[in-house]
Amino acid sequence: MNLSFIIPTYNSAEYLHPAIESCLQQTYPHVEVVVVDDCSTDSTPDYVAWAKKQEWANRVIFIRNEVNMGRSASRNIGNAAATSGILAVLDADDLSTPRRAELTVAKFKAGSVFVHGSAHKMDPVGREMGMVGTDVFNRDKAAEVLSAGIVHSTVAYTKTLAQRYPYLAGEPARLGVDDFTIFMPMAFDGVKFDYIPTALAAYRINEFGVSAQRDNAEVVAFKRGFVDSLKVVA
């Protein structure tokens, strides 16, 4: 059983190589990495040109969008390009822990279709800042508090789920809630979320990221409307 890590990136050249390395250095050997460069204007193209010459390049699929399409579109492009039946999410400034693929695949072999786990927090230069508080997913609680409580970079799902629940472009991506808008429809449709109670990723706290700069009132309003629309359908 193979697993594909999907890494969308935009102007994250300084973090991209460690992210890729963390995926290639897994205890589980049957992995590939799909990197989708969303038309970066930094040194990402130079890095990719170098990376393609390395001995490990045959385990990495590099895709460059011709125009900037946004994070959601890049995730969907990476999911479509993956050759594995299991897709693992990783943002370009985060890291996968060494046993992530091994633990994830074991769950899928036992019948899982969606898994998530705990995560370390780290500062912009990679120093650990403790653990992110995550737990077993509860749909009703998530709908009530408007938070799934899931670190996106710990998530893995089947390619079938990815095709059924593509990431939404536009407002969700701008507000950094594109993950919430796939988790909640899955949950309302009865998809079972399985939890791995160990750190699967290191999540970078970045003051320049979407989550740090967005308008929280706008995020809450959008999420409330989105959840209400799901309740109507349900």
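Undergrad: Can you help me understand the overall build of the chain in this one?
TA: Of the regular secondary structure elements, the chain holds 10 helices and nine strands. Along the first, second and third principal axes, the C-alpha atoms of the chain reach 50 × 40 × 35 Å. With 234 residues in all, the chain has 53% of them scored as buried. Only carbon and sulfur atoms are counted for the fraction: they give 52% of the accessible area of the chain, which is about 11,000 Å². Of note, the chain has its 23 positive side-chain charges centred 5 Å away from the centre of its 27 negative side-chain charges.

Undergrad: Quick question: what am I supposed to make of the pattern of salt bridges here?
TA: For side chains of opposite charge, pairing can occur when their charged atoms come near one another. Within the structure shown, the criterion is met by 11 salt bridges. Here D178 and R75 are joined by a salt bridge, their closest N and O atoms 3.4 Å apart. With a gap of 103 residues between them, D178 in the loop between α7 (171-175) and α8 (180-188) and R75 in helix α3 (residues 71-81) connect regions that are remote in the sequence. Comparing D178 with R75, the two get one shared label, buried. Linked through salt bridges whose partners overlap, the residues forming this network are R71, R75, D91 and D178.

Undergrad: Could you clarify how one ought to interpret unusual backbone geometry in this entry?
TA: A negative phi angle is the norm for most residues apart from glycine, just as the trans form is the norm for most peptide bonds. Here the phi dihedral of N11 falls at roughly 50°; this positive angle occurs in a residue that is not glycine. Relative to the helices and strands, N11 resides in the loop between β1 (3-9) and α1 (13-24). Of note, the phi angle at C39 is positive, near 60°, even though the residue is not glycine. Relative to the helices and strands, C39 is located in the loop between β2 (31-37) and α2 (44-51).

Undergrad: How should I be thinking about the nonpolar core in this particular structure?
TA: Generally speaking, nonpolar side chains in soluble globular proteins are found buried as a group. Within the largest apolar cluster, 34 residues are counted, with the highest numbers of intra-cluster contacts made by F114, Y157, M184 and F193. For this core, the secondary structure elements donating two or more residues are β2, β4 (86-89), α5 (139-145), α6 (159-164), α8 and α10 (216-233). With seven residues, α8 is the largest single contributor of residues to this core. In this structure M184 touches F137, R139, A142, A143, F226 and L230, once residues within four positions along its chain are discounted. The next biggest cluster of nonpolar side chains, apart from the first, holds 29 residues, and it includes C23, V33, A51 and I86.

Undergrad: Help me out: how do you make sense of the packing of α1 against α2 in this one?
TA: Each pair of packed helices gets described by two things: the angle between the helix axes and the distance between those axes. α2 packs onto α1 with a crossing angle of 30° between their chain directions and a minimal axis gap of 9 Å. With respect to α2, the axis of α1 lies roughly parallel. Our pair here, α1 against α2, has a crossing hand that is right-handed. On the side of α1, the interface is formed by A13, L16, H17 and I20, while α2 contributes T44, Y47 and W50. Across the contact of α1 with α2, the residue classes tally to five nonpolar, two polar and no charged.

Undergrad: How should the environment of G85 be read in this particular structure?
TA: Looking at the secondary structure, you find G85 in the loop between α3 and β4. Note: C-alpha distance between G85 and A110 (25 residues apart in sequence) is 14 Å. Contact partners of G85, with chain neighbours within four places excluded, come to N2, Y157, T158 and K159.

Undergrad: For this particular structure, what's the right way to read the side chain of K223?
TA: Among the secondary structure elements, K223 is positioned in helix α10. Despite its burial, K223 pairs with no opposite charge; the closest candidate is D179, at 6.4 Å N-O. Side-chain polar atoms of K223 contact the backbone oxygen of L146, separated by 3.1 Å. Ignoring any residue separated from it by four or fewer positions in sequence, one finds K223 in contact with L146, S147, V177 and F180.

Scoring rules and cut-offs
Along every chain, residues carry numbers that run from 1 in the direction the sequence is written. Two thresholds apply to this predicted model, a pLDDT of at least 70 for residue-level local features and 80 or more for giving and counting side-chain atom pairs, whereas whole-chain, interface and lining totals are computed over all residues. Values shown for side chains rest on all heavy atoms present in the structure; no hydrogens or waters enter the calculation. A run of H or I in DSSP counts as a helix once it spans at least four residues, and a run of E counts as a strand once it spans at least two, with each numbered from the N terminus. Classification of residues uses two cut-offs on accessible area relative to the type maximum, computed with a 1.4 Å probe and protein chains only: under 20% is buried, over 50% is exposed, and between them is partly exposed. Here the Shrake-Rupley method, with its probe set to 1.4 Å, supplies the accessible areas, and only the displayed protein chains count as covering residues. Neither His nor the chain ends contribute to the count of charged residues, in which Lys and Arg are positive and Asp and Glu negative. To locate a charge, take NZ of a lysine, CZ of an arginine, CG of an aspartate or CD of a glutamate. Salt-bridge detection follows one rule: a side-chain nitrogen of Lys or Arg within 4 Å of a carboxyl oxygen of Asp or Glu. Take the buried Ala, Val, Leu, Ile, Met, Phe, Trp, Tyr and Cys residues and link them wherever side-chain atoms come within 4.5 Å; each set so joined is a nonpolar core. Contacts: residue pairs with any heavy atoms within 4.5 Å of one another. A fitted line through C-alpha atoms represents every axis, and for helices the fit uses only the stretch in contact; the resulting angles, taken between N-to-C directions, go from 0 to 180 degrees. Orientation categories follow fixed angle ranges, with anything under 35 degrees roughly parallel, anything over 145 roughly antiparallel, 65 to 115 roughly perpendicular, and all other angles oblique. Throughout, a crossing is termed right-handed when the near helix is turned clockwise from the far one, and left-handed when it is turned anticlockwise from it by less than a right angle. Three categories are distinguished: nonpolar for Ala, Val, Leu, Ile, Met, Phe, Trp, Tyr, Cys and Pro, charged for Asp, Glu, Lys and Arg, and polar for the others, with Gly belonging to the last. Polar contacts, as used here, are pairs of N or O atoms within 3.5 Å; protein pairs need one atom able to donate a hydrogen and one able to accept it. Residues neighboring in sequence count only if both atoms are side-chain atoms.

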